[in-house]
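# Coordinates in review
Read off the chains here:
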Amino acid sequence: MNTNIYKCLINKNTNINPVWFMRQAGRYLPEFRKIRKENPNFIKLCLNKNLINQITLQPMERFNLDAAIIFSDILMLPYGLGQEVEFKKNFGPFLGNLNINNFLKVNEEDFANKLKPVYEGINTTSKSKLIKNKDLIGFVGAPWTILVYMLNKKSPKKKISKNLFNDEKLINNLLKIIEKFLKIHIKNQINNGASIIQIFDSWAGLVDEKNLEKYVYNPTVNLVEYVKSFKIPVICFPRNIRNYKKYCEKILPDAINIDYEIDPKKILKEIKIPVQGGLDPKILLTDKNNIIKKTNYYLNIFKDHPYIFNLGHGVLPETDPIMLDYLVKYVKDFK
Ligand code: 1CP
């Protein structure tokens, strides 16, 4: 592979700034909203191989991005295990009751069959000429973040039960099951053409310092090593983790995605591996001058460091696609 992102991640090239965006296929695009309107059941949409392909490629038709990220969701994992997952309008995910005995009955074949359209969608997309010499990013949620959704049954942003993490035995058993099936999910994405894996730990910031080893570092390091065994790069995004340096030392990913709250100067000083992201997605809701100013800030800090341009979280639904196009062109022309 000789893509811009591989040049950055593997050859540590600092002359190019590859660019892609988290949630680049999503509600800010009218062509996505149209499909979404016709497909009110989000899980069903994530299981439609033709629409997976179409939606994944929508931003590639519009912008000069260096990677497509497969249109799917981290919650396809609990779905594949047999926990009900629903997305309610203006509320977000809503999960059904958790029954660990049922999960124990699920084998690799059952799981892969349930998610078969996801893998078929990846396979077709990987052959598209729109991503020729570019990357196709597969992804999973980190075990901790998946656990949070499975136990809390909704976004912790909405509400989080205090005694959620009391039953340590249940947590340990669940983490083992989640890890096993995340590996299967990763393997199937890679075997069908994903050239990079990103691990989203969106709720890493909820874990106390004393529990990081148990709930974040140990389960994640196993996945990172697993991805590396395929000779595929792995990018980690432990959103709002307080200590990115320690995380990188423990996990050893190929790149670290930073959130928009962390000071990029501190990251540059402390972190040796390639860095991705950082810009606050809200900046895209302002004006072009401000976008240039804030983009220059990141690009200048990381000018001699391998850096993939991205945001500090997903593209917001209110974003004007024209602004995103402007940003991509600006990053591509930056010298
Ligand atoms: O139309 C809609 O209402 C659906 C919105 C939507 C979309 C476009 C959801 C529901 N998921 C997705 C796709 C998605 N999810 C992608 C596609 C690829 C791309 O980036 O373009 C990816 C990578 C995800 C990953 C994901 N899902 C994460 C990790 C990243 C993050 O945002 O922190 C998480 C936490 C989820 C759960 C989820 N799915 C959808 C929502 C609204 C949420 C977040 C709920 C919450 O705030 O807890």
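These numbers come from a predicted model, not from an experiment.

## Some points on helix α10 (residues 168–191)
- Look at α10: 34 Å from first C-alpha to last across 24 residues, which is about the 34 Å you get at 1.5 Å a residue.
- The first or second residue beyond α10 is Gly 193, which carries a positive phi of 120°.

## Quick notes on unusual backbone geometry
- For Lys 12, which is not glycine, the phi torsion reads 60° and is therefore positive.
- Considering the arrangement of structural elements, one finds Lys 12 in the loop between α1 (4–9) and α2 (30–38).
- Relative accessible area serves as the criterion here: at 44%, Lys 12 is assigned to the partly exposed category.
- Despite not being glycine, Lys 231 has its phi angle at roughly 60°, a positive value.
- On the basis of relative accessibility, which here comes to 73%, the residue Lys 231 falls in the exposed class.

## Quick look at a positive patch on the surface
- A grouping of Arg 23, Arg 27, Lys 157 and Lys 158 is seen on the molecular surface, where their side chains present a positively charged patch.
- Tracing the chain through its elements places Lys 157 in the loop between α9 (143–152) and α10.

## Some thoughts on the environment of Arg 27
- Residue placement: Arg 27 occurs in the loop between α1 and α2.
- For Arg 27, a relative accessible area of 51% puts it in the exposed group.
- Spatially, the C-alpha atom of Arg 27 lies 35 Å from that of Lys 246, the residues being 219 residues apart in sequence.
- If near-sequence neighbours (up to four positions away) are discounted, Arg 27 is found in contact with Phe 32, Arg 33 and Pro 317.

## Quick notes on the pairing of strand β5 (residues 196–200)
- With five of its five residues buried, β5 lies for the most part within the structure.
- Side chains of β5 alternate between two faces, with Ile 196, Gln 198 and Phe 200 and Ile 197 and Ile 199 buried alike.
- As paired strands, strand β4 (residues 135–141) and β5 are joined by five bridges and run parallel to one another. What sits directly across from Ile 137, in β5, is Ile 196.
- Strand direction decides the pairing type here: β5 and strand β6 (residues 234–237), joined by four bridges, are parallel. Its bridge partner being in β6, Ile 199 is matched across the sheet by Cys 236.
- After leaving β5, the chain enters helix α11 (residues 212–228) and then returns to the sheet as β6, a path that is right-handed.

Cut-offs applied
- Residues numbered from 1 in each chain as written.
- Predicted model: local features only at pLDDT ≥ 70, side-chain atom pairs only at ≥ 80, totals over all residues.
- Heavy atoms only, no water.
- Helix = DSSP H or I, 4+ residues; strand = E, 2+ residues; numbered from the N terminus.
- Expected span 1.5 Å × (residues − 1).
- Buried < 20%, exposed > 50% of the residue type's maximum accessible area, 1.4 Å probe, protein only.
- Patch = residues over 30% accessible without salt bridge, like charges linked within 9 Å, V, L, I, M, F, W, Y side chains within 5 Å.
- Areas by Shrake-Rupley, 256 points an atom, 1.4 Å probe, with all protein chains shown as cover.
- Salt bridge = Lys/Arg side-chain N within 4 Å of Asp/Glu carboxyl O.
- Lys, Arg positive; Asp, Glu negative; His and termini not counted.
- Charge placed at Lys NZ, Arg CZ, Asp CG, Glu CD.
- Contact = heavy atoms within 4.5 Å.
- Pairing = 2+ DSSP bridges.
- Right-handed = clockwise from strand over helix to strand, strands pointing away.

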